[in-house]
Amino acid sequence: VVIDRAFADFRFTLARFVIEWTSVPGTVYTVIYSDSSPTGPWSVAIPSVNASANRVQWYDDGPPKTISVPLSVTNRFYRVITNP
């Protein structure tokens, strides 16, 4: 899946990353992320996302979705995969 929009949202106490992609309603997507390299190793964000519209905005604001708050690491890379 192509992530076609990504930005940092600073409106809250802890900043969070936002990624957005075009989706198919009813399709389940899994976000994977890496704190070290755009080639991995990858960790799975929990839970998966069930698209209810033709766009999904996913917020990484740390646990329990991801292991740490996104701005606590130097880099964070994301990929989105379609579940079978």
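This write-up is about the structure you can find in this document. The structure displayed is predicted, hence computed values, not measured ones. (Residues numbered from 1 in each chain as written. Predicted model: local features only at pLDDT ≥ 70, side-chain atom pairs only at ≥ 80, totals over all residues. Heavy atoms only, no water.)

**Concerning the packing of aromatic side chains**
Turning to step 1, where the next piece is worked out: Across all of its chains, the model carries 3 aromatic pairs by this definition.
Turning to step 2, where the next piece is worked out: Relative to Tyr78, the ring of Phe17 has its centre 6.4 Å away and its plane inclined at 90°; by these criteria the two rings are edge-to-face. One end of the pair, Phe17, is in strand E2 (residues 16-22); the other, Tyr78, is in strand E7 (residues 77-82), with 61 residues separating them in the sequence. One exposure class covers both Phe17 and Tyr78, and it is buried.
Turning to step 3, where the next piece is worked out: Ring centres of Trp58 and Tyr78 lie 5.9 Å apart, and the angle between their planes is 70°; this geometry places the pair in the edge-to-face category. With Trp58 in strand E6 (residues 55-60) and Tyr78 in strand E7, the pair connects residues that are 20 residues apart, well separated along the chain. Each member of the pair, Trp58 as well as Tyr78, carries the same accessibility label: buried.
Turning to step 4, where the next piece is worked out: Put simply, the rings of Phe17, Trp58 and Tyr78 pair up and form one aromatic cluster. (Phe/Tyr/Trp six-rings, centres within 6.5 Å; stacked < 30°, edge-to-face > 60°. Helix = DSSP H or I, 4+ residues; strand = E, 2+ residues; numbered from the N terminus. Buried < 20%, exposed > 50% of the residue type's maximum accessible area, 1.4 Å probe, protein only.)

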